[in-house]
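Observations on the three-dimensional arrangement
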Amino acid sequence: MCCIVEPATDKIVPLPLHDAIALVEQMAHSEAWRKIDAMELEMEAHPEAFFELPTEHTFYPGLYKRGVLMTAGRFITTRIHLTDHPFSVLSGRLLVWDDANGVVEISAPYDGSTKAGTRRLLYILEDTHWITYHANPDNETDPNKIVERCTYNNRLLREKMEKSP
């Protein structure tokens, strides 16, 4: 189950996973997402350019906190978010592109909000510490399982879209 913020009341409400994926598939046809796909494909052609981001995981009752450390000078594409959730930039500076806002420069300290369906392209200007906060109603402690239910794999979506007319 995913969660979104209901615009009329600002309350967090459940969103069935199939509805969240339908939203993402609808957005996948945008020209901007096609450009990100092209960039990801180019990056995949150079496996030596891939790197693991140092990630920290903290669990609280009903909440998962995920911290990512990003090194200056890198482009990063995010997975597609299936949930509404807050984020914080604790240190650093970066350029962030998404469909809703275009390109925005973010400098720490900064608190923001991610909406379901968001996909971002980041360029890291200074080493950056980015934290996301996710509802975790079942107190799952496997970060990979939480990531799988809160995001959609870009590559799987791209493959699905290539197969559809």
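The notes below deal with the structure included here. Everything quoted here is computed from the prediction, not taken from an experiment.

What follows deals with the side chain of Thr-118. Along the chain, the position of Thr-118 falls in the loop between β9 (110–114) and β10 (121–136). Side-chain polar atoms of Thr-118 contact the backbone oxygen of Lys-115, separated by 2.7 Å. Those residues in contact with Thr-118 that lie beyond four places of it in its chain are Arg-79, Ile-80, His-81 and Asp-98.

By size, the foremost hydrophobic cluster in this structure holds 11 residues: Val-68, Met-70, Ile-76, Phe-87, Val-89, Leu-94, Val-96, Ile-106, Leu-122, Ile-124 and Trp-130. Counting residues per element, this core draws most heavily on strand β7 (residues 85–98), which supplies four residues.

On to helix α3 (residues 143–150). Buried within α3 we find Pro-143, Ile-146, Val-147 and Cys-150. Here the buried residues of α3 occupy an arc of 100 degrees about the axis, which is enough to place them on one side. The secondary structure elements touched by the buried residues of α3 are β3 (55–60), β4 (62–70), β6 (80–81), β10 and β11 (151–152). N-cap assignment for α3: the residue whose side-chain oxygen lies 2.9 Å from the backbone N of Asn-144 is Asp-142.

Where β3 meets β4, six bridges bridge the pair, whose relative direction is antiparallel. Bridge assignment links His-57 to a residue of β4, and that residue is Arg-66. In sequence, β3 turns back onto β4 through a hairpin of one residue. Of the pairings in the sheet, the one linking β4 to β10 comprises nine bridges and is antiparallel in character. Bridge pairing in β10 links Lys-65 to Tyr-133.

Put simply, Ala-108 and Pro-109 share a cis peptide bond, and its omega is -5 degrees. Inspection of the secondary structure puts Pro-109 in the loop between β8 (102–107) and β9.

Attention now goes to the pattern of salt bridges. Overall, the coordinates contain five salt bridges when judged by the stated rule. One salt bridge connects Arg-93 with Glu-126, and the closest N-O pair in it is separated by 3.2 Å. Of this pair, Arg-93 sits in strand β7 while Glu-126 sits in strand β10; the two residues are 33 residues apart in sequence, bridging distant segments of the chain. On the basis of relative accessibility, which here comes to 38%, the residue Glu-126 falls in the partly exposed class. The residue Asp-98 makes a salt bridge to Arg-120 at a minimum N-O spacing of 3.9 Å. On the criterion of sequence distance, the pair formed by Asp-98 in strand β7 and Arg-120 in the loop between β9 and β10 is long-range, its members being 22 residues apart.

Glancing now at the packing of aromatic side chains. The geometry of an aromatic ring pair comes down to the distance between the two centres and the angle between the two planes. Per the stated rule, a full pass over the model turns up four aromatic pairs. Relative to Tyr-64, the ring of Phe-59 has its centre 5.3 Å away and its plane inclined at 25 degrees; by these criteria the two rings are stacked. Relative accessible area serves as the criterion here: at 30%, Phe-59 is assigned to the partly exposed category. Given a relative accessible area of 0%, Tyr-64 falls into the buried group.

Conventions adopted
- Residues numbered from 1 in each chain as written.
- Predicted model: local features only at pLDDT ≥ 70, side-chain atom pairs only at ≥ 80, totals over all residues.
- Heavy atoms only, no water.
- Helix = DSSP H or I, 4+ residues; strand = E, 2+ residues; numbered from the N terminus.
- Polar contact = N/O pair within 3.5 Å; in protein donor to acceptor, adjacent residues only side chain to side chain.
- Contact = heavy atoms within 4.5 Å.
- Core = buried A, V, L, I, M, F, W, Y, C linked by side-chain atoms within 4.5 Å.
- Buried < 20%, exposed > 50% of the residue type's maximum accessible area, 1.4 Å probe, protein only.
- Arc of directions from axis to C-beta.
- Pairing = 2+ DSSP bridges.
- Salt bridge = Lys/Arg side-chain N within 4 Å of Asp/Glu carboxyl O.
- Phe/Tyr/Trp six-rings, centres within 6.5 Å; stacked < 30°, edge-to-face > 60°.

Keep in mind these numbers describe shape, not what the thing actually does.
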